Amino acid sequence: MAAAPDSPLYLGLDFSTQQLKAAAIDGNLRVVHQDSVQFDCELPEFRTQGGVHIQEDKLTVTSPVLMWVKALDLLLDKMKRAGFDFSRVRALSGSGQQHGAVFWRRGASQTLNQLHPDQSLHQLLQGSFSVADSPVWMDSSSTQQCHDLQAAVGGALKLAEITGSRAYERFTGNQIAKLCQSRTEVYRDTERISLISSFAASLFLGGYAAIDFSDGSGMNLLDIRTRSWSKVCLEATAPHLDCLLGSPLPSSSVQGPVSSYFVRRHGFSESCAVLSFTGDNPASLAGMRLQQGDIAVSLGTSDTVFLWIQQPRPALEGHIFCNPVDRQAYMALLCFKNGSLTRERIRNECAGGSWETFSAALRDTPLGNNGNVGFYFDTVEITPSAVGVYRFDSEDSEVEVRALVEGQFLSRRLHAERLGYSIIPGTRVLATGGASSNKEILQVLSDVFNAPVYTIDLSNSTCLGSAYRALHGLAAESGASFFDVVKNAPEPQLVATPHPAAQQVYDHMLERYARLEDSVLRKSCT
């Protein structure tokens, strides 16, 4: 049923690596409009591949800031031509690819505050950026700055305890340090540094938006417990950085009304609120409506695990961020490089290339696989840092299929628990990605976590999460929780429940798996 023609709408945007997307929902959480701009094909003048420029050193990866600005012009024009009524939008929020930075030139705030509605944003902001090509999450050129930061704070683990992660080349603080050291004059000409998320919010506000706690957790600069910039990290990164970053704000904050530019050019209501924008991963957590005790597992080329955590235990692996929908909680992210490609290799070698045979092997072997387990790191693994194939006991084909799948999911659970995750009554496992269509794989996932598995569609989770957050931001002022606001959203589909013996089998097996992983790590280091 279509929304009433004058009912309020809530707009979510996602500035991702390859495209800009938008989704609008009504008060009943129904999607009423979607649109997108593909950077490579719709903005070919920027000559990007996959939305980025990979420089000659193969380490430096950037995106043109004005491409994102022009994409917003194009998106809003497309929506207007499609008949979208911007005057109905009561609130908007958004997300941006995490870690990327935008450097505003001195005087840019005055330009933002005086945007003339007769011209496009792309025309008006031509001279507003001290760095034309922003470093993005794919960049790995700041290794030295990572070493320097860890040394300054007392080591990698100490940095993780403060900021939620050890130093990573793609994290914003290390990119800022590199710019300050290599392009000093450019740094001096910078008036403000935004994340891609807060840059996008700034466009809508007509002034600088604050960085939110959740996306700010991906910079190696924010103290995730005090939710303020870490003085030791700022001082180790660049001078006067607190002034250039501004004070961070909660992810649910209303940062102000939409700029008069958007009212006059696109017909937004003057009362339309702009909520804090956040990172794409936190927005995805909101779109999945992850709750305390839940875990989301994306089974793709790489396997990614999202966690809701109350008491974080930062480690050298994985990332802990402030939770975007609950100020008292945290979220964690773990990435495992050996995902679907490894499952496909074992399918080819042990199941004749047939997923049916692969699934039959899982059905025909017992929980726990009679103790047979394996580590299958075809490429250098991220979590943990190791490479190689390590089998413990049988090499029978059926047994090897289960050894792979159980081993992968035991690894996901082990490293989640090391970050502070715990399975509680009511825990749900939300599965998405290619392998989430295989019922037998999901049954093993359910057994290993001793929790029911549900499937969800993540294709639009960042935009939806942003639209949900826009709706919640207005309700939060009266004390409503995020889950009060989104309780009527479509429920995920139940696909597997754990076997009655699963807890006994896998609690014991997890202890053994942890010991075996330690031995594998010792071998890979020698």
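Bear in mind the structure is a predicted one, so any value in this text is a computation, not a measurement.

Between side chains of opposite charge, a pair can form as their charged atoms come close. In total, this model carries 19 salt bridges according to the counting rule given. Its salt-bridge partner being Lys 78, residue Glu 42 comes within 3.0 Å of it at the nearest N-O pair. Residue Glu 42 is located in helix α1 (residues 39-42), and its partner Lys 78 is located in helix α2 (residues 65-81); the two are separated by 36 residues in the primary sequence. Here Arg 188 makes a salt bridge to Glu 185, at a shortest N to O gap of 2.7 Å. Residue Arg 188 and its partner Glu 185 are both found in helix α8 (residues 184-188); the two are separated by 3 residues, about one turn of the helix. Using a relative accessible area of 54% as the deciding quantity, one classes Glu 185 as exposed. Members of the salt-bridge network, linked through shared partners, are Asp 303, Arg 343 and Arg 412.

A few words on the side chain of Asn 438. Turning to its location among the elements, Asn 438 is positioned in the loop between β21 (429-432) and α18 (439-449). In this structure the side chain of Asn 438 is engaged in a polar contact, spanning 3.1 Å, whose partner is the side chain of Ser 359. Within the structure, the side chain of Asn 438 is placed 3.1 Å from the backbone nitrogen of Glu 440, a separation counted as a polar contact. Apart from the residues within four sequence positions on either side, Asn 438 is in contact with Trp 355 and Ser 359.

All right, on to the layout of surface pockets then. Here the idea is plain: a probe the size of a water molecule rolls over the atoms and shows the empty space left. For the largest pocket, the calculated volume is near 1,500 Å³. Lining the largest pocket are 42 residues, and of these Trp 137, Asp 280, Asn 281, Thr 304 and Cys 335 lie nearest its centre. The residue inventory of the lining of the largest pocket, partitioned by class, reads 12 nonpolar, 22 polar and 8 charged. Residue-level mapping places the lining of the largest pocket at the junction of two domains, with at least three residues from each of domain 1 (9-282) and domain 2 (289-459 + 492-525). Residue lining of the second largest pocket: 18 residues in total, with Gly 287, Asp 457, Leu 464, Tyr 468 and Pro 490 positioned closest to the centre.

For the rest of this paragraph, the subject is the UniProt feature "domain: Carbohydrate kinase FGGY N-terminal" (unreviewed entry) in the protein chain. With numbering aligned to this structure, UniProt lists the feature "domain: Carbohydrate kinase FGGY N-terminal" (unreviewed entry) at residues 136-287. With 50% helix and 12% strand, residues 136-287 has end C-alpha atoms that lie 23 Å from one another.

This part takes up the packing of helix α15 (residues 340-350) against helix α17 (residues 397-418). Between α15 and α17, the shortest axis-to-axis distance is 10 Å and the interhelical angle comes to 170°. In terms of orientation, α15 and α17 fall into the roughly antiparallel class. Only Ser 397, Glu 400, Val 401, Leu 404 and Gln 408 of α17 make contact with α15, whose side of the interface consists of Thr 342, Arg 343, Ile 346 and Cys 350. Tallied by class, residues from the contact of α15 with α17 come to 4 nonpolar, 3 polar and 2 charged.

What follows covers empty space enclosed by the protein. Here the structure, examined in full by the defined rule, presents 2 cavities of 30 Å³ or more. Volume-wise, the largest cavity comes out at about 90 Å³. Forming the boundary of the largest cavity are 14 residues, of which Tyr 376, Phe 377, Gln 408, Arg 412 and Tyr 513 lie nearest the centre. Broken down by secondary-structure element, the contributors of at least two residues to the lining of the largest cavity are β19 (373-377) and α17. Per-element tally for the lining of the largest cavity: the top contributor is α17, with 5 residues. Across the lining of the largest cavity, the residue classes break down as 6 nonpolar, 6 polar and 2 charged. Roughly 40 Å³ of internal volume is contained in the second largest cavity.

Another point: the environment of Gly 256. Within the secondary structure, Gly 256 is located in strand β12 (residues 254-257). In this structure, the C-alpha to C-alpha distance between Gly 256 and Leu 205, residues 51 residues apart in sequence, is 6.7 Å. In this view, Gly 256 contacts Leu 205, Cys 272, Ala 273 and Val 274; residues no more than four positions away in its chain are not counted.

Reading guide: rules and limits
- Residues numbered from 1 in each chain as written.
- Predicted model: local features only at pLDDT ≥ 70, side-chain atom pairs only at ≥ 80, totals over all residues.
- Heavy atoms only, no water.
- Salt bridge = Lys/Arg side-chain N within 4 Å of Asp/Glu carboxyl O.
- Helix = DSSP H or I, 4+ residues; strand = E, 2+ residues; numbered from the N terminus.
- Buried < 20%, exposed > 50% of the residue type's maximum accessible area, 1.4 Å probe, protein only.
- Polar contact = N/O pair within 3.5 Å; in protein donor to acceptor, adjacent residues only side chain to side chain.
- Contact = heavy atoms within 4.5 Å.
- 1 Å grid on protein atoms, 1.4 Å probe; cavity = no way out; pocket = protein on both sides within 12 Å on 5 of 7 lines; lining within 4 Å.
- Points joined across faces, edges and corners; volume = space filled by probe spheres on them.
- Nonpolar A, V, L, I, M, F, W, Y, C, P; charged D, E, K, R; others polar.
- Domains from an automatic or database assignment.
- UniProt positions renumbered as here; feature names shortened; annotations may be inferred.
- Axes fitted to C-alpha atoms, helices over the stretch in contact; angles between N-to-C directions.
- Parallel < 35°, antiparallel > 145°, perpendicular 65-115°, else oblique.

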